[in-house]
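# Chains, contacts and geometry: an overview
Each chain, written out:
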Amino acid sequence: MPIRTASAQWQGNLTEGAGTIRTGKGGLSGNYSFKSRFEEGEGTNPEELIAAAHAGCFSMAFSKALADAGSTATSVETTAKVHLDKTDAGMTVTRIDLETVGQVPGIDDAEFQKLAEAAKANCPISRLLSPGAEITLNARLTA
């Protein structure tokens, strides 16, 4: 299996400095700063990138689980909300809320929910993050 890479560069001190983040193949690149991470400033931040990775991984895992169960999804759209909170240990990702909407012909809601929960438990990014952060899931089936 390939090894994936990304890089970050930072200049200056924590609160006034700035940097750039870039994925290895250049598909994503963005500026980041103290304000984009801890306030509402322009740019990206590591937590957004974790959210993107988790949403993408979950969507793929869920689509596979649906297909393996005989129900091919027309679409699966997932948003991940990463909660960065101050704890006794310092700033910590404490929770990730996955919200997914699937358009899957011919499946009932009970099966949809069961497969969504399995995908949450089994996607590689969930397995990476779940020992340290609570992961919630709200899955909605649409016509």
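Notes on the structure follow. Every value quoted in this text rests on a predicted model; they were computed, and no experiment measured them.

### Notes on the sheet that holds strand β6 (residues 134-142)
With mixed pairing, the three strands of this open sheet are ordered in space as β4-β5-β6. Every other strand in the sheet has two partners, leaving β4 (75-87) and β6 as the edge strands with one partner each. Strand-to-strand twist of the sheet, defined as the mean angle between neighbouring strand axes without regard to direction, takes the value 15°. In the sheet, strand β5 (residues 90-103) pairs with β6 via nine bridges, with the strands oriented parallel. Across the sheet, residue G102 finds its bridge partner in β6, namely L141. Strands β4, β5 and β6 of the sheet are contacted by helix α2 (residues 46-68), whose axis makes an angle of about 140° with β4.

### Details of the environment of S75
Mapped onto the secondary structure, S75 falls in strand β4. Considered as a pair, S75 and G12 are 63 residues apart in the sequence and their alpha carbons are 43 Å apart. Ignoring any residue separated from it by four or fewer positions in sequence, one finds S75 in contact with V101, G102 and Q103.

### Quick notes on the environment of A53
Checked against the element boundaries, A53 lands in helix α2. Judged by relative accessible area, A53 falls into the partly exposed class, the value being 36%.

### Description of the packing of α2 against helix α3 (residues 109-122)
The contact between α2 and α3 brings their axes to 9 Å, and the two run at 135°. When the axis of α2 is compared with that of α3, the two are oblique. In the packing of α2 onto α3, the handedness of the crossing is right-handed. Of the residues in α3, those in contact with F58, A61, F62, A65 and L66 of α2 are F112, L115, A116, A119 and K120. Split into classes, the residues belonging to the contact of α2 with α3 amount to nine nonpolar, no polar and one charged.

### A closer look at the packing of aromatic side chains
For any pair of aromatic rings, geometry is given as the distance between the ring centres together with the angle between the planes. Within the structure shown, the criterion is met by four aromatic pairs. Ring centres 4.9 Å apart and planes at 45° place the aromatic pair F34 and F38 in the tilted group. Taken together, the residues span about one helical turn, with F34 and F38 both in helix α1 (residues 34-38) at a distance of four residues. Among the aromatic residues, ring-to-ring pairing joins F58, F62 and F112 into one connected group.

### A few points about the sheet that holds strand β3 (residues 29-33)
With antiparallel pairing, three strands are arranged side by side in an open sheet as β1-β2-β3. The open sheet has two edge strands, β1 (6-11) and β3, and neither has a second partner. Here the average twist between neighbouring strands, direction ignored, is 20°. Here five bridges tie strand β2 (residues 18-23) to β3, and the two strands are oriented antiparallel to one another.

Procedures and definitions
- Residues numbered from 1 in each chain as written.
- Predicted model: local features only at pLDDT ≥ 70, side-chain atom pairs only at ≥ 80, totals over all residues.
- Heavy atoms only, no water.
- Pairing = 2+ DSSP bridges.
- Helix = DSSP H or I, 4+ residues; strand = E, 2+ residues; numbered from the N terminus.
- Axes fitted to C-alpha atoms, helices over the stretch in contact; angles between N-to-C directions.
- Contact = heavy atoms within 4.5 Å.
- Buried < 20%, exposed > 50% of the residue type's maximum accessible area, 1.4 Å probe, protein only.
- Parallel < 35°, antiparallel > 145°, perpendicular 65-115°, else oblique.
- Left-handed = near helix turned anticlockwise from the far one by under 90°.
- Nonpolar A, V, L, I, M, F, W, Y, C, P; charged D, E, K, R; others polar.
- Phe/Tyr/Trp six-rings, centres within 6.5 Å; stacked < 30°, edge-to-face > 60°.

Without other data, these values stay purely geometric and don't point to any function.
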